[in-house]
Amino acid sequence: MPKYLELTLDKFTFKVADDRFYTPAGLWALPEGNRIRIGLSDFQQQRSGDVAFAEIKPVGTQLAFDEEVAVIETIKVNISLGSPVTGKVVEVNPAMSDAPEVINQDPYDTGWMAIIETDHWEADKARLINPQTYFDHMKSLAEEELNQ
Amino acid sequence: MSDPKSPRKIAIVPCSGIGKTYGSVSREAAYDVTGELRPEDTRLVSLAMLVLGDEDARATLAEAPAVTIDGCKLACATKMVRESGGTVAQDYAVLDVYRRYKQFKPQGIAELNEGGKQLAHALAEEIATVVDHSLSQGDKNG
């Protein structure tokens, strides 16, 4: 079980799981051998709003780093999400089509989106940010939005 | 013309969220049911009046079950009906309804786009069916 860095601003609390890596856009990547589980950060899911639909690239899709891996439609926005890793989609969370609200309910666990098999993890990891850096980035974005 | 105080009228309670697309869909659907589809069988109840503890609004809920339409997961309409002593025949969340009608993407606030209007109408049609069922159950139960 991960531990969490937590930020409370106004009535919102945002968690950052400390056992994985992040893109600045708010996707997380959790290595499990040469398979990387990916999902949306708590901050990004709260910021985006309730998810109506999540379309994940199907199993077998080959992706370059930052190539679109998913499109999320929420009550506020449509977001295109770039893959945090180079590789092939080998599994998609079935909940993404049946109950995509799981992204909002449990973003770091049952709300995972896909698993990507890769031979490039070490190179891709160097392009991601660690939990503390993502926390700082998130804090700055959250404070900026709160002050708008 | 039916008696406006008829106990056979189902209360329709939409979200009061102003400035929110899904709240607007909930209200459009409520107006469609109470004004067009089942005007004789339903009564629009304002969530704001329930919050204020309005006697007429509470009395309406005491007479018949309600259909609630919530614009977000806070589900204020459903919670407020229950807190006001009413029973909920069916609760709708606009987001769940949209998931069933993906072709009707709602946008706009003061004025809904065509997708929003179509979504509201689809929801209103579903509610009309619930109203018919609730009233027929009421008839069976005397």
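Residues numbered from 1 in each chain as written. Chains lettered and ligands numbered in written order. Predicted model: local features only at pLDDT ≥ 70, side-chain atom pairs only at ≥ 80, totals over all residues. Heavy atoms only, no water.

Enquirer: Describe the packing of aromatic side chains, and please don't skip the residues or the numbers.
Expert: Under the definition given, this model contains 9 aromatic pairs over all chains. Ring centres of tyrosine 22 of chain A and tyrosine 134 of chain A lie 4.5 Å apart, and the angle between their planes is 5°; this geometry places the pair in the stacked category. Placement of the pair is tyrosine 22 of chain A in strand E3 (residues 21-22) and tyrosine 134 of chain A in helix H5 (residues 131-146), with a sequence separation of 112 residues. Classification of tyrosine 22 of chain A as buried rests on a relative accessible area of 0%. A relative accessible area of 1% places tyrosine 134 of chain A in the buried class. Ring geometry for tyrosine 101 of chain B and phenylalanine 104 of chain B: centres 6.1 Å apart, planes at 15°, overall stacked. Taken together, the ring pairs in this structure connect Tyr4, Trp28 and Tyr108 of chain A into an aromatic cluster. Directly above the ring of tyrosine 4 of chain A sits lysine 15 of chain A, whose terminal nitrogen or CZ lies 5.3 Å from the centroid. (Phe/Tyr/Trp six-rings, centres within 6.5 Å; stacked < 30°, edge-to-face > 60°. Helix = DSSP H or I, 4+ residues; strand = E, 2+ residues; numbered from the N terminus. Buried < 20%, exposed > 50% of the residue type's maximum accessible area, 1.4 Å probe, protein only. Lys NZ or Arg CZ within 6 Å of the ring centre and 35° of its normal.)

Enquirer: How would you summarise the environment of asparagine 34 of chain A if you had to cite specific residues and measurements?
Expert: Residues and elements named next belong to chain A. Along the chain, the position of asparagine 34 falls in the loop between strand E4 (27-32) and strand E5 (35-40). In this structure asparagine 34 comes out as partly exposed when scored by relative accessible area, which is 38%. In this structure, the C-alpha to C-alpha distance between asparagine 34 and leucine 81, residues 47 residues apart in sequence, is 21 Å. With near-sequence residues (within four places) excluded, asparagine 34 lies in contact with Ile116, Glu117 and Thr118. (Contact = heavy atoms within 4.5 Å.)

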